[in-house]
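# Architecture at a glance
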Amino acid sequence: MKMSIKQMNPSLILVLGFALLITFGAILLSLPIASETGAGLPFLDALFTAASATCVTGLVVVDTADTFSLFGELVILVHIQIGGLGFMTFATILFTLLGKKISLKEKMLLKEAYNADTTAGLMKLVKRIVIFTVIMECAGATVLALRFMADMSVGQAIYFGFFHAISNFNNAGFDLMGGFNSLTGYVDDPFIVLTICTLIIVGGIGFIVVNELYEFRQTGRLSLHTKVVLSTTAILVVGSTLLIFLFEYGNDKTIGHLSLTGKALGSFFHSVTPRTAGANTLPMSELTDATLFLMIFLMFIGGGSGSTAGGIKVSTFAVLMASAFSQLKGKEDVVIFKRRLVVSTVLKALTVAMCGALIVVTVTFLLSITEGHYGLAMYLFEATSAFGTVGLSMGLTPELSEVGRVLIIITMFLGRVGPLTIGFAIAKKRMKETYHYQKGNVMIG
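What counts and how
- Residues numbered from 1 in each chain as written.
- Predicted model: local features only at pLDDT ≥ 70, side-chain atom pairs only at ≥ 80, totals over all residues.
- Heavy atoms only, no water.
- UniProt positions renumbered as here; feature names shortened; annotations may be inferred.
- Helix = DSSP H or I, 4+ residues; strand = E, 2+ residues; numbered from the N terminus.
- 1 Å grid on protein atoms, 1.4 Å probe; cavity = no way out; pocket = protein on both sides within 12 Å on 5 of 7 lines; lining within 4 Å.
- Points joined across faces, edges and corners; volume = space filled by probe spheres on them.
- Nonpolar A, V, L, I, M, F, W, Y, C, P; charged D, E, K, R; others polar.
- Expected span 1.5 Å × (residues − 1).
- Buried < 20%, exposed > 50% of the residue type's maximum accessible area, 1.4 Å probe, protein only.
- Polar contact = N/O pair within 3.5 Å; in protein donor to acceptor, adjacent residues only side chain to side chain.

For the chain, the name recorded in an unreviewed UniProt entry is Trk family potassium uptake protein, with Peribacillus faecalis as its organism. Turning to the chain, the UniProt record has this under Subcellular location (unreviewed entry): "Cell membrane".

## Here's the deal with the environment of T261
In this fold, T261 is placed in helix α12 (residues 260-272). T261 sits 71 residues away from P190 along the chain, and the two C-alpha atoms are 8.9 Å apart.

## Quick word on empty space enclosed by the protein
With the rule as written, the count across this model stands at one cavity of 30 Å³ or more. Its volume calculated, the largest cavity comes out at about 40 Å³. Lining the largest cavity are N171, I200, I201, G204, I205, T233, R275 and G303. The class makeup of the residues in the lining of the largest cavity is three nonpolar, four polar and one charged.

## Here we look at helix α9 (residues 190-204)
Between the first and last C-alpha of α9 there are 21 Å, a value that for 15 residues agrees with the 21 Å anticipated at 1.5 Å per step. Turning to α9, its buried residues are I192, V193, T195, I196, C197, L199, I200, V202, G203 and G204. The backbone nitrogen of F191 has a side-chain oxygen 3.0 Å away, supplied by the residue at the start of α9, namely D189.

## Examining the UniProt feature "transmembrane region" (unreviewed entry) in the chain
When the UniProt feature table is mapped to this numbering, "transmembrane region" (unreviewed entry) covers residues 12-31, 74-98, 129-150, 191-214, 226-247, 292-325, 346-369 and 406-427. The straight-line gap between the two end C-alpha atoms of residues 191-214 is 25 Å; of that span, 92% is helix and 0% is strand. Secondary structure content for residues 226-247 is 100% helix and 0% strand, and the end C-alpha separation is 31 Å.

In structure tokens form, the structure reads like this:
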């Protein structure tokens, strides 16, 4: 029996929506008008680029600036914006402009897209998200454009400013610097580094968190979720900055030759960008093994729920850590900020983390078969970057075989829409169990 759109659950519609958006982008990017040479891009390369843009990842098999025309770059930029905010946000805006009433089904889709607890106040949230996004991207574009004017013409600087502001606010990591160099030319430039990092962090903490911070002056309170995201983000950024500073201090190929300020900026940028952004100011292939391992860890965690970021999310990581500490202390309850977590939250966090780990391990294993001779570290880094929708690479992406590219496309898609979303999309409605089995016990550890 055929299923109508009204019969589909919200998760399935979101999954199909992203898939259709990627396909449409691939068709546009494969057109002759989208490439610099006018010859058109091979469809698989176009599909990879469209998937990377829509999933706000940033992994590229061809250099963006050297390969795509202005039309192609704008297609990428539009897909980054839609992929970052979610196509349901844009559909809601369009329906509002056309005077169409938002149905309960569409509100449920928005609830699923933003990982919200309820549909109440969603329309107000969408409006605030759009306004906030425009303000942040315009502010970031202005600062970047003013800095770029010292290196290029005014028109190009403005275009570069907007492109990189939109790309990094949406945690995409696409750049127009050419030669797969990303932002390595600005490693010790405070205007570029601090502006990009601010865009990445703000875009990656989650729109629910941003909205609560905005309302804090009226409410005077923050939810447990917001407290967890902000505190965990701060710990991860500060801690990883210090570690990268120590790991790379004597490495002349990265920050060793820079001033103390340059070392600090380089370390800070690379503690922030693994939060699923993808831009880099240091040559990835020259980083120490310790730094690369730390970045894999950060990429897997990702950003905040309901944001432009990927990964298992910082709230998931925080719940897992709190659960582990509770067990080690012999406590039955998992408590964060004097609030006891319900068991279903802990189980959901464990499920997300295990699904993520399974995806990364499986893709790493498959890449070791299909690619063959680049080394386990490169495969693990590439798989984690794709799952976390990060976009950082040790140089493997352009060298991937056709099978390898398909694997990474699938991984980026899974990382963006989320393992649980896909699981709920293809599963039947969960039925309440009418009976329970007897309790059993398994020895652990």
